[in-house]
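Okay, here's what each chain looks like letter by letter:
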Amino acid sequence: MSNPSETSRHASPSAIALLPLLVFLALFIGVGTYLSLQGVEFAFYQLPAPIAVLPAIVLALVLSKETLNKALEQFMKGVGHPDIIAMCMIYLLAGAFATVAKASGGVDATVNLAYLPFLPV
């Protein structure tokens, strides 16, 4: 049998836990939709997702029933999972590669190379 004080420490599921996700989606989709209706080009790229997630992270920490230090520690363990770190590294390295390729003229060279056989002689 489990200890009654031990079972009282476990949190019961709550829909409030989805609030940070809803805040992120409302910010990201809301700003993108608003800017799109205003006629801004690339409206959904105007607010980067890492910026839109910051208020959601703060809200998640505020909603936590743990102390701030414990909530931050749990958050860092979650985002430090090897699969998440690998995903972030792939995303960052892909962006860096695209920037370097464009800055060095690699994109234009590849496009020109693809059109070379079709140019009139």
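All of the points below concern the structure found in this document. Note that the coordinates shown come from a computational prediction; the quantities given were computed from them, not determined experimentally.

All right, on to the overall build of the protein chain then. On a plain count of helices and strands, the protein chain comes out with six helices and zero strands. Here the protein chain holds 121 residues, and 8% of them are scored as buried. Contacts in the protein chain between residues far apart in sequence, at least 24 positions, make up 43% of those at least 6 positions apart. Here the protein chain has roughly 10,200 Å² of accessible surface; of this, 71% comes from carbon and sulfur atoms.

Quick look at the packing of helix α2 (residues 19-37) against helix α3 (residues 49-63) now. Packing of α2 against α3 brings their axes to within 8 Å, and their N-to-C directions diverge by 155 degrees. For the element pair α2 / α3, the angle class is roughly antiparallel. At the point where α2 passes α3, the crossing takes the right-handed sense. Note on element contacts: α3 touches α2 through A49, A52, V53, P55, A56, L59, A60 and L63, opposite L19, P20, V23, F24, L27 and F28. Class assignment of the residues belonging to the contact of α2 with α3 gives a composition of 14 nonpolar, no polar and no charged.

Time to look at the pattern of salt bridges. Taken as a whole and assessed by the stated rule, the structure comprises one salt bridge. Between K77 and E73 there is a salt bridge, with its nearest N and O atoms 3.9 Å apart. Pair noted here: K77 and E73 are both in helix α4 (residues 68-79), with a separation of four residues, about one helical turn. For E73, a relative accessible area of 43% corresponds to the partly exposed category.

It is worth spelling out a nonpolar patch on the surface at this point. A cluster of nonpolar side chains, I16, L18, L19, L21, L22, L25, I29, F44 and L63, forms an exposed patch at the surface whose accessible area comes to about 780 Å². When residues of the nonpolar patch are assigned to their parent elements, the largest contribution, five residues, is made by α2. As for its position among the elements, L21 is in helix α2.

With phi around 50 degrees, F42 is a residue other than glycine that occupies positive phi space. For F42, the position within the fold is in the loop between α2 and α3.

Think of a pair of aromatic rings as described by two things: how far the centres are apart, and how the planes are tilted against each other in angle. Here the structure, examined in full by the defined rule, presents three aromatic pairs. Ring geometry for F42 against Y45: centres 6.2 Å apart, planes inclined by 70 degrees, an arrangement best described as edge-to-face. On the basis of relative accessible area, F42 is assigned to the exposed category, the value being 60%. Accessibility expressed as a relative area gives 68% for Y45, which makes it exposed.

Thresholds, definitions, all that
- Counting restarts for each chain: residues are numbered from 1 in the order of the written sequence.
- Only residues with pLDDT of at least 70 get local features here, since the model is predicted, and only at 80 or more are side-chain atom pairs given and counted; chain-wide, interface and lining totals rely on the full set of residues.
- The basis for every side-chain value is the complete set of heavy atoms in the structure, and neither hydrogens nor water enter the calculation.
- Secondary structure elements follow DSSP: runs of H or I no shorter than four residues count as helices, runs of E no shorter than two count as strands, and numbering proceeds from the N terminus.
- Buried, partly exposed and exposed residues are distinguished by accessible area as a fraction of the type maximum, computed with a 1.4 Å probe on protein chains only: under 20%, between the cut-offs, and over 50%, respectively.
- By the convention used here, residues are in contact when the closest approach between their heavy atoms is within 4.5 Å.
- Surface exposure here means Shrake-Rupley accessible area, sampled with a 1.4 Å probe, where a residue is shielded only by the protein chains that are shown.
- Note on definitions: angles span 0 to 180 degrees between N-to-C directions of axes, and those axes are lines fitted to C-alpha atoms, for helices only across the stretch in contact.
- Angle categories are assigned with fixed cut-offs, so that under 35 degrees is roughly parallel, over 145 is roughly antiparallel, 65 to 115 is roughly perpendicular, and the rest are oblique.
- Left-handed describes a crossing whose near helix is turned anticlockwise from the far helix through less than a right angle; right-handed describes the clockwise counterpart.
- Ten residue types, Ala, Val, Leu, Ile, Met, Phe, Trp, Tyr, Cys and Pro, are classed as nonpolar, four, Asp, Glu, Lys and Arg, as charged, and the remainder, Gly among them, as polar.
- By definition, a salt bridge exists where a carboxyl oxygen of Asp or Glu is found within 4 Å of a side-chain nitrogen of Lys or Arg.
- In this scheme, patches are assembled from residues that exceed 30% relative accessible area and form no salt bridge. Like charges are connected within 9 Å, while nonpolar side chains (Val, Leu, Ile, Met, Phe, Trp, Tyr) are connected within 5 Å.
- Geometry of aromatic contacts follows a simple scheme: Phe, Tyr and Trp rings, the Trp one being its six-membered ring, pair when their centres are within 6.5 Å, and the pair is stacked under 30 degrees between planes, edge-to-face over 60, tilted otherwise.

Keep in mind that these numbers describe shape and distance, not what the molecule does.
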